[in-house]
Amino acid sequence: MSEPFLTIDDTPVSLAQAVRYLQAGRKFDAFVGEILRQFVIEREVQSHEGLDANPSAVEQAIVDFRLEQNLTDSRQFQQWLAANGLTYDAFRDQVAYGFKYRTLKDKITEPRLQEYFIERKIYLDRVVLSRIIVDNQELADELKTQISEGTATFEQLAREYSLTDDRIVNGMVGPVSRGSMPDELRAAVDQAGVSDVVGPMGMEGRWGLFRVEKVMHATLDDEQVQTTLRDELFEQWLAQKIESLPIKLQIED
């Protein structure tokens, strides 16, 4: 008889039982999906050339981790390793694997990075906006006239007339992704300069005035932008790899 998959309170739980529990909780697909994900990544890491981690970089990463986690004391570090079921060698292997994983991700995503950035730029560019939302066009027109003539400020009118909760902060709602804006608003904002007021625009039964506070154009030089794009591209590549795999599930009671 095979060993149980898990023992809980001295009661053996078979793999088949564990699968039934996961299915009952609707978590089995996610469980298998994570196995497939790790399988593909590990196989690719092993098969790609030039992914070896620099030993000195690995040791420095371990030092940095210990400093960040306040584990500089050797005894504390050993206790942390034991609490996480690790030996030093196993932990070092994990850190080295992390280097290989990141190098693999860079190699996979680099050829499409520039093209993908252009595709996604509309969603990466952000605009800081303030708004005044009212329930009829006539009032919106009147408020815009007051702003343009200088008889009232945008902030004053937002606090007094706007129907949205952001009126308490003078109507400030940014930053907003350009790609998430309604087409009409995005087109108007793209033509406007900082401090310009656009509108009134009809939006779901209400009317809005929008002031452009700041435009933040995404660039591929931005480390966070690069990280986001590489993550998205890598996940797409992984999904394609997983989809092409023949999978056979065998579970015996």
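Colleague: Sorry, what's going on with the packing of aromatic side chains here?
Modeller: Any two aromatic rings considered together are summarised by their centre-to-centre distance and by the angle between their planes. This model, assessed by the stated rule, comprises eight aromatic pairs. Relative to Phe91, the ring of Phe77 has its centre 5.9 Å away and its plane inclined at 70°; by these criteria the two rings are edge-to-face. With Phe77 in helix 4 (residues 74–83) and Phe91 in helix 5 (residues 88–124), the pair connects residues that are 14 residues apart, well separated along the chain. Both residues of the pair, Phe77 and Phe91, count as buried. Ring centres 5.4 Å apart and planes at 75° place the aromatic pair Trp80 and Phe91 in the edge-to-face group.

Colleague: I'm lost on the nonpolar core in this one. Help?
Modeller: For soluble globular proteins, the rule of thumb is that nonpolar side chains tend to be buried together. If you look at the biggest cluster of nonpolar residues, it comprises eleven residues: Val127, Leu129, Ile133, Met181, Leu185, Val189, Ala192, Val198, Met201, Phe210 and Val212. Sorting the residues of this core by element identifies strand 3 (126–134), helix 8 (183–191), strand 5 (197–203) and strand 6 (206–216) as the ones contributing at least two each. No other element matches the three residues that strand 3 contributes to this core. Leave out the neighbours within four places in its chain, and Val212 touches Val127, Val128, Leu129, Val189, Ala192, Gly193, Val194, Ser195 and Asp196.

Colleague: Help me out: how do you make sense of the environment of Tyr88 in this one?
Modeller: Here Tyr88 shows up in helix 5. Separated by 42 residues in sequence, Tyr88 and Gln46 place their C-alpha atoms 22 Å apart. In this structure, Tyr88 is in contact with Glu59, Ile62, Phe77 and Leu81, ignoring residues within four places of it in sequence.

Colleague: Just checking my understanding: could you explain the sheet that holds strand 5 for this structure?
Modeller: Working definition: the strands of a sheet are paired by backbone hydrogen bonds and lie parallel or antiparallel to each other. With respect to topology, four strands assemble into an open sheet ordered 4-3-6-5, the strand pairing being antiparallel. The sheet terminates laterally at strand 4 (176–177) and strand 5, the two strands that pair on one side only. The pairing of strand 3 with strand 4 spans two bridges and is antiparallel. Residue Arg126 lies in a different strand from strand 4, and its bridge partner there is Ser177.

Colleague: Looking at this model, I keep getting lost on the pairing of strand 6. Mind explaining?
Modeller: Looking down a regular strand, the side chains alternate between one sheet face and the other. As defined by bridge partners, strand 3 adjoins strand 6 across nine bridges and the pair is classed as antiparallel. The residue bridging Arg126 from the neighbouring strand is Met216, located in strand 6. Taken together, the five bridges between strand 5 and strand 6 define a ladder with antiparallel strand orientation. For Gly202, the partnering residue across the bridge sits in strand 6 and is Trp207. The antiparallel pairing of strand 5 with strand 6 creates a hairpin that spans two residues between the two strands, and Glu204 there sits at a positive phi of about 50°.

Colleague: Quick question: what am I supposed to make of the packing of helix 6 (residues 137–149) against helix 7 (residues 154–161) here?
Modeller: When two helices pack together, their arrangement is captured by the angle between the axes and the distance separating the axes. Packing of helix 6 against helix 7 leaves a shortest axis separation of 9 Å and a crossing angle of 150°. With respect to their mutual orientation, helix 6 and helix 7 come out roughly antiparallel. Between helix 6 and helix 7 lies a crossing of right-handed hand. Taken together, the residues of helix 7 that come into contact with helix 6 (itself represented by Leu139, Leu143, Gln146 and Ile147) are Phe154, Leu157 and Tyr161. A per-class count over the contact of helix 6 with helix 7 returns six nonpolar, one polar and no charged.

Colleague: Looking at this structure, I do not really get the environment of Arg211. What am I missing?
Modeller: Looking at the element boundaries, Arg211 is found in strand 6. Of the residues examined, Arg211 reaches a relative accessible area of 14% and is grouped as buried. A C-alpha to C-alpha distance of 49 Å links Arg211 and Ser244, two positions 33 residues apart in sequence. Residues contacting Arg211, with those up to four places away along its chain left out, are Val128, Leu129, Ser130, Phe154, Glu155, Ser195, Asp196 and Val197. A polar contact is formed between the side chain of Arg211 and the side chain of Glu155, at a distance of 2.7 Å. Here Glu213 takes part through its side chain, which lies 2.7 Å from a polar atom of the side chain of Arg211.

Colleague: Which parts of the structure should I look at to understand the pattern of salt bridges?
Modeller: Once their charged atoms are close, side chains differing in charge can pair, the charge on each being opposite to the other. This structure, assessed with the given rule, holds 16 salt bridges. Among the salt bridges present, the one from Arg211 reaches Glu213, with a minimum N-O distance of 2.7 Å. Residue classification places Glu213 among the partly exposed residues on the basis of a relative accessible area of 23%. Among the charged side chains, a network of salt bridges with common partners joins Lys121, Asp125, Arg178 and Asp190.

Parameters at a glance
Residues numbered from 1 in each chain as written. Predicted model: local features only at pLDDT ≥ 70, side-chain atom pairs only at ≥ 80, totals over all residues. Heavy atoms only, no water. Phe/Tyr/Trp six-rings, centres within 6.5 Å; stacked < 30°, edge-to-face > 60°. Helix = DSSP H or I, 4+ residues; strand = E, 2+ residues; numbered from the N terminus. Buried < 20%, exposed > 50% of the residue type's maximum accessible area, 1.4 Å probe, protein only. Core = buried A, V, L, I, M, F, W, Y, C linked by side-chain atoms within 4.5 Å. Contact = heavy atoms within 4.5 Å. Pairing = 2+ DSSP bridges. Axes fitted to C-alpha atoms, helices over the stretch in contact; angles between N-to-C directions. Parallel < 35°, antiparallel > 145°, perpendicular 65-115°, else oblique. Left-handed = near helix turned anticlockwise from the far one by under 90°. Nonpolar A, V, L, I, M, F, W, Y, C, P; charged D, E, K, R; others polar. Polar contact = N/O pair within 3.5 Å; in protein donor to acceptor, adjacent residues only side chain to side chain. Salt bridge = Lys/Arg side-chain N within 4 Å of Asp/Glu carboxyl O.

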